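Chain residues, written in single-letter form:
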Amino acid sequence: MEFSLAVLTISLLVSILPPLIFFIIRESVKGQRQGIINDLSSVFDSQRVGDMFIPSFEFVKYKYFIERKPHRNEQQDNFRDSSSKDYSIFAWIVSAIPLILVLFSASLLISGQLIHTISQANILTCLINAQCDAIQLTQDQRASKWILVFIAAFAGGYVFLIRSFFRAINNFDLSPASFVGAANNLIVGTTVALLSNEALFKPLSSINLGSAENINLNPFPYLGLAAAFAIGYFPEVAIRSLITKSKFRGYKKENKSFYEMYTTTPVEIIDGIDTEIRDRLADYHIKSVQNLAAANPLMLFVETPYGVYQIMDWVAQAQLCCSTGPSSLVRLWGLGIRTIFDLERVIFDQDVREEGLIEQVGRVLLANHILANPSDDSVAKTIISHETCVANIKLRLNDPHIHRLRQIYIMVGNTIGENNRRFPDRYR
C-alpha cells in the first residue's frame, strides 16, 4: 500500500500534536498557578508563629512548586525549600514515543485504507446518494469493512485520550505515565473491539433476511460500530464486563444489589452550585457531596475559577450535608444552620448558645432515633437529653477535614480583622 505525502503529514500531526500541545499547556498552567500560590502566601505564610504551618497550604505548594533543576540561590524564590523535582524533558520524550507510534500507525492505516476503499468501492458516492446495495459489493470489498470497526474504536479511544489529558491538566496530574497509559488504552480498546466484532456482530450481520432489499435493514452492523466506539472509549469497562459475564472461575462477582442500597448525593444540593458549576467541578473529580466535603479548599481555589470564600462556604455546606444527610440538611436550614461551623457554634459560641435551640437541632439530627420510639413528644424528650444532643454534635465535629477547614477559616478571619472572627476563643 502506497502512502502519499498528505497521508504522511496528517498522520504525523495526529500523532505528535496531542502530547506536545498538552505538555506545553501543562507548563503554562504550572506557571499561572504558581503565581496564585504566591499571592496566597501573603495570607498564610505571614501568620506563621515559629515552626507552625498550614498543612493545606503546604500541600498546594508541594504540588505546584516543582523544578527540573535545583536552584543554588535559595533567595530567588520563597518556596525553593518546599519544591520537589519535576519530570525531566528526557522522561517526557521517552514516554511519548509509544503513544506517538500507536497514533501514527493507526492514522496511517486508517488514511491509507480509506483512500483505497473509496477508490475501489466508490463508497463516497454511495454514502452521498444513499444508493449503496451491500449485495453488489465484491468479497474483497466486504472484507474491507473491518476498517470501519477499527475507525470507530480508534475514534472512541482518541476522544477518551483528549478528554483524559484535559482532566489531567485541570488536576495537574499529567505525567509521563499518562502517555504510556493512553497508548495502552488505544491498543486494548481497538483490539477488543475488533475481536468482539468478529465474534459477535459479524455473524449476526450475515443473517439472511430473505431479500436484497432487507439487507440494509439489518441493525447489527450499525450496533457493531456503536459498540466499537464505546469499547474504544471505555476499554477497561468492556474487559471487566466480559470477565464478569464469563464462566471463568477464580473471579469475584459483584453484588449488584448494593448499588441499589447506596446512592450518592449530587453537589447541586449545595446552595450556590447549579448544573453548570457541577459540570465544571466534575473535571476536578468533584462528582458528589462527599467528594466536595473532603476536598482541599485552597487546592480548589488554585485549580478552579471560583473565589476562595465561595469555595470555603461550599465545602462547609458539604461537610454538614455528609454529617447529617440531605433531609436533615433542609430542616437545619430552617434553624439558620447552613454550614458545619454553624452547627459548631450552637454548642460552643456563648453568643448563640441556648438550650431550646440545642434541643431543636438534636431532634433534627436524631430524627431516625425519634421515629424508632413512640411518637409522644414527652417520651421523645426524655429519650433525647440535652447532654445527648451536645455529645452527638461534638461527635460529628471530630473529623480531620473539618479541622482542616476550620484552620483555614481562622487564618482568613485573622486577616479580615479581630471584630470579624467567627470562632470562639477556644479554637484560636
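Here the structure is a predicted model, which is why all the values come from computation and not from measurement.

Asker: Please explain the layout of surface pockets as it appears in this structure.
Answerer: The gaps left among the atoms become clear once a water-sized probe is rolled over them. When its volume is computed, the second largest pocket comes out at roughly 480 Å³. As for the second largest pocket, its lining consists of 23 residues, and the residues nearest its centre are Phe160, Arg163, Ser164, Arg167 and Asn185. For the lining of the second largest pocket, the secondary-structure elements that each account for two or more residues are helix H6 (146–171), helix H7 (176–205) and helix H9 (235–245). Broken down by element, the lining of the second largest pocket gets its largest block of residues, nine residues, from H6. Class assignment of the residues belonging to the lining of the second largest pocket gives a composition of eleven nonpolar, seven polar and five charged.

Asker: Please clarify how the environment of Cys321 should be interpreted in this entry.
Answerer: Mapping Cys321 onto the fold places it in helix H14 (residues 308–324). When its relative accessible area of 4% is taken as the criterion, Cys321 is described as buried. It is 8.7 Å that separates the C-alpha atoms of Cys321 and Ile269, two residues lying 52 residues apart in sequence.

Asker: Can you walk me through the environment of Pro297 in this structure?
Answerer: Relative to the helices and strands, Pro297 resides in helix H13 (residues 297–303). Its relative accessible area of 1% is what places Pro297 among the buried residues. Between the C-alpha atoms of Pro297 and Met312, which are 15 residues apart in sequence, the distance is 5.9 Å. Setting aside chain neighbours within four positions, we find Pro297 in contact with Ile311, Met312, Val315, Arg404, Leu405 and Ile408.

Asker: Looking at this structure, I do not really get unusual backbone geometry. What am I missing?
Answerer: Residues apart from glycine generally show negative phi values, whereas peptide bonds are mostly found in trans. The backbone phi angle of Phe172 is positive, close to 55°, even though this residue is not glycine. Following the sequence through the fold, Phe172 ends up in the loop between H6 and H7. With a phi close to 65°, His285 is a non-glycine residue in the positive phi region. In this structure, His285 sits in the loop between helix H11 (275–282) and helix H12 (289–293). Using a relative accessible area of 43% as the deciding quantity, one classes His285 as partly exposed.

Asker: Help me understand the pattern of salt bridges in this model?
Answerer: Where charged atoms from two side chains of opposite charge come close, those side chains can pair. In this structure the tally under the stated criterion is twelve salt bridges. Between Arg338 and Asp313 there is a salt bridge, with the nearest N and O atoms lying 3.1 Å from each other. Taken as a pair, Arg338 in the loop between helix H15 (326–333) and helix H16 (340–348) and Asp313 in helix H14 lie far apart in primary sequence, 25 residues in all. Taken together, the salt bridges that share partners define one network made up of Arg26, Glu27, Lys30 and Asp86.

Thresholds applied
- Residue positions are given per chain, counted from 1 along the sequence in the order it is written.
- Given that this is a predicted model, residues contribute local features only at a pLDDT of at least 70 and side-chain atom pairs are listed and counted only at 80 or more, while totals for whole chains, interfaces and linings are drawn from all residues.
- With hydrogens and water stripped out, all remaining heavy atoms of the structure feed into the side-chain values.
- A 1.4 Å probe that fits into a set of points on a 1 Å grid over the protein atoms alone but cannot get out defines a cavity; an open set with protein on both sides within 12 Å along at least five of seven lines defines a pocket, and lining residues are those with an atom within 4 Å of a point.
- Grid points are joined across faces, edges and corners, and a volume is the space filled by probe spheres set on the points.
- Each helix is a run of DSSP H or I of at least 4 residues and each strand a run of E of at least 2, with the numbering of both proceeding from the N terminus.
- Three classes are used, and their members are as follows: Ala, Val, Leu, Ile, Met, Phe, Trp, Tyr, Cys and Pro are nonpolar, Asp, Glu, Lys and Arg are charged, and the others, Gly among them, are polar.
- Accessibility here uses a 1.4 Å probe with only protein chains present; expressed as a share of the type maximum, an area under 20% marks a residue as buried, one over 50% as exposed, and anything in between as partly exposed.
- Working rule for contacts: check all heavy atoms of both residues, and any pair within 4.5 Å makes them a contact.
- What makes a salt bridge here is a side-chain nitrogen of Lys or Arg within 4 Å of a carboxyl oxygen of Asp or Glu, nothing more.

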